[in-house]
Amino acid sequence: LTSSLQEERSRSEHNLVNIQKTHERMQTENKISPYYRTKLRGLYTTAKADAEAECNILRKALDKIAEIKSLLEERRIAAKIAGLYNDSEPPRKTMRRGVLMTLLQQSAMTLPLWIGKPGDKPPPLCGAIPASGDYVAKPGDKVAARVKAVDGDEQWILAEVVSYSHATNKYEVDDIDEEGKERHTLSRRRIIPLPQWKANPETDPEALFQKEQLVLALYPQTTCFYRALIHTPPQRPQDDYSVLFEDTSYADGYSPPLNVAQRYVVACKEPKKK
């Protein structure tokens, strides 16, 4: 795929150079003759075909990357399950918090960007678009999970799906923070799947949360989601949200703006506090 893409790109660049040179000659002669009109029509037709061919190769490459990531995730989950049932192995060391935070940042950065074909609408789980009503998260998927804390209060944590029972309509999820080593059995209404694609603000702004929308966002350097208002949505594909977390220690009830990646911002179904 890499060599095919390079060949296609070289062909496209050669044709684009010809288009530029033709325009320069037209400006020099200060006229648009039938010859130049016909030549440009042919060059632009070829450029369009070249761009479509390059786009198809890029999509195949992206599909291949997604396939590889899926296989790696399946192996990781299989190894994790095998470890759960293998008593002969010594217990794994808990991941250091700094390492966990780095992994969460990497996961946010490598979340694929949704790039639809002309006319395509962003799918469920792209940016702010929620999962479909019958969606079931797969083992290994990351979710926001509402659990009871030690003090009895409820909180939203970042968790990983272990399994789903169609008989009981309940998930088993693991707290992503291994220090807790907790497994929770939760109903579907206590689970919010995280986005599987970033939304592109330049092409699909409707797939993003907008200013002053109420959301649940992962507080920086933690594994817990808290209620927040969107301060500024992303302006470019690589940008984060700027959010205002609810915080009673501030006069207006909200923290200063903090950045949170698209990966860790989901809809909050609870009403806004007055």
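- Labelled according to an unreviewed UniProt entry, the protein appears under the name SAGA-associated factor 29, originating from Crocuta crocuta.
- According to the UniProt record, the Subcellular location (unreviewed entry) comment for the protein is "Nucleus".

Describing the overall build of the protein
Then step 1. Of regular secondary structure, the protein possesses three helices and 10 strands.
Then step 2. Reading the protein from its N terminus to its C terminus gives the helix and strand order α-α-α-β-β-β-β-β-β-β-β-β-β.
Then step 3. Computed over the C-alpha atoms, the radius of gyration of the protein is 25 Å, more than 25% above the 19 Å expected from 2.2 N^0.38 for a compact globule of 274 residues.
Then step 4. Projected onto the principal axes, the alpha-carbon positions of the protein cover approximately 80 × 55 × 35 Å.
Then step 5. By residue count, 36% of the 274 residues in the protein fall in the buried class.

A few points about the layout of surface pockets
Then step 1. Here the second largest pocket defines a volume of roughly 500 Å³.
Then step 2. Forming the walls of the second largest pocket are 28 residues, and the residues nearest its centre are Arg188, Ile191, Ile192, Pro193 and Lys269.
Then step 3. Every element with two or more residues in the lining of the second largest pocket is listed here: β2 (154-165), β5 (191-193) and β10 (265-267).

Brief notes about the pairing of strand β1 (residues 142-148)
Then step 1. Here seven bridges tie β1 to β2, and the two strands are oriented antiparallel to one another. Opposite Lys142, over in β2, you have Glu160 as the bridge partner.
Then step 2. Hairpin connection, β1 to β2: the antiparallel pair is bridged by five residues, and Gly152 has positive phi, about 95°.
Then step 3. Where β1 meets β5, three bridges bridge the pair, whose relative direction is antiparallel. Bridged to Ala145 within β5 is Ile191.

What about the side chain of Gln262?
Then step 1. Relative to the helices and strands, Gln262 resides in the loop between β9 (258-260) and β10.
Then step 2. Not counting chain neighbours up to four residues away, the residues in contact with Gln262 comprise Gly127, Pro195, Lys198, Ala199, Leu208, Pro234, Pro237 and Tyr241.

Focus on the pairing of strand β3 (residues 170-175)
Then step 1. Strand direction decides the pairing type here: β2 and β3, joined by six bridges, are antiparallel. If you follow Val161 over to β3, its bridge partner there is Val173.
Then step 2. Here β2 folds back onto β3 in antiparallel fashion, the turn holding four residues, of which Asn169 has a positive phi close to 60°.
Then step 3. The pairing of β3 with strand β4 (residues 183-187) spans five bridges and is classified as antiparallel. Within β4, the position partnered with Glu172 by the bridge is Thr185.

What about the packing of aromatic side chains?
Then step 1. Taken as a whole and judged by the stated rule, the model has six aromatic pairs.
Then step 2. On the basis of an interplanar angle of 50° and a centroid distance of 6.0 Å, the ring pair of Phe209 and Tyr241 is categorised as tilted. Here the residue Phe209 occupies a position in the loop between β5 and β6 (214-218), and Tyr241 occupies one in strand β8 (residues 241-245), the gap between them amounting to 32 residues.
Then step 3. The exposure class assigned to Phe209 is buried, which follows from its relative accessible area of 5%.
Then step 4. The class of Tyr241 is buried, set by a relative accessible area of 1%.
Then step 5. Here Tyr219 and Tyr226 contribute two aromatic rings whose centre-to-centre distance is 6.2 Å and whose plane-to-plane angle is 90°, an arrangement assigned as edge-to-face.
Then step 6. What makes Tyr219 partly exposed here is its relative accessible area of 31%.

Things to note about the nonpolar core
Then step 1. Among the nonpolar cores identified, the biggest contains 37 residues, and Leu158, Phe225, Val243, Tyr264 and Val265 are the most heavily contacted of them.
Then step 2. Among the elements of the structure, α3 (97-109), β2, β6, β7 (224-232), β8 and β10 are those that each provide at least two residues to this core.
Then step 3. Looking at which element gives the most residues to this core, the answer is β6, with five residues.
Then step 4. The contact partners of Val243, leaving out residues within four places of it in the chain, are Ala217, Ala228, Leu229, Ile230, His231, Pro256, Pro257, Leu258 and Val260.
Then step 5. Judged by nonpolar contacts, the second largest core, of 13 residues, contains Ala159, Val161, Val173 and Ile191.

Focus: a nonpolar patch on the surface
Then step 1. There is a patch of nonpolar side chains on the surface, built from Leu62, Ile65 and Ile115 and spanning about 280 Å² of accessible area.
Then step 2. With respect to the secondary-structure elements, Ile65 resides in helix α2 (residues 34-84).
Then step 3. The class of Ile65 is partly exposed, set by a relative accessible area of 47%.

Structural notes on unusual backbone geometry
Then step 1. Residue Leu125 is not a glycine yet carries a positive backbone phi of 70°.
Then step 2. Note on placement: Leu125 falls in the loop between α3 and β1.
Then step 3. In this structure, Gln221 is a non-glycine residue whose phi angle is positive, near 65°.
Then step 4. Relative to the assigned elements, Gln221 resides in the loop between β6 and β7.

Rules of the game
Residues numbered from 1 in each chain as written. Predicted model: local features only at pLDDT ≥ 70, side-chain atom pairs only at ≥ 80, totals over all residues. Heavy atoms only, no water. UniProt positions renumbered as here; feature names shortened; annotations may be inferred. Helix = DSSP H or I, 4+ residues; strand = E, 2+ residues; numbered from the N terminus. Rg over C-alpha atoms; globule rule 2.2 N^0.38 Å. Buried < 20%, exposed > 50% of the residue type's maximum accessible area, 1.4 Å probe, protein only. 1 Å grid on protein atoms, 1.4 Å probe; cavity = no way out; pocket = protein on both sides within 12 Å on 5 of 7 lines; lining within 4 Å. Points joined across faces, edges and corners; volume = space filled by probe spheres on them. Pairing = 2+ DSSP bridges. Contact = heavy atoms within 4.5 Å. Phe/Tyr/Trp six-rings, centres within 6.5 Å; stacked < 30°, edge-to-face > 60°. Core = buried A, V, L, I, M, F, W, Y, C linked by side-chain atoms within 4.5 Å. Patch = residues over 30% accessible without salt bridge, like charges linked within 9 Å, V, L, I, M, F, W, Y side chains within 5 Å. Areas by Shrake-Rupley, 256 points an atom, 1.4 Å probe, with all protein chains shown as cover. Salt bridge = Lys/Arg side-chain N within 4 Å of Asp/Glu carboxyl O.

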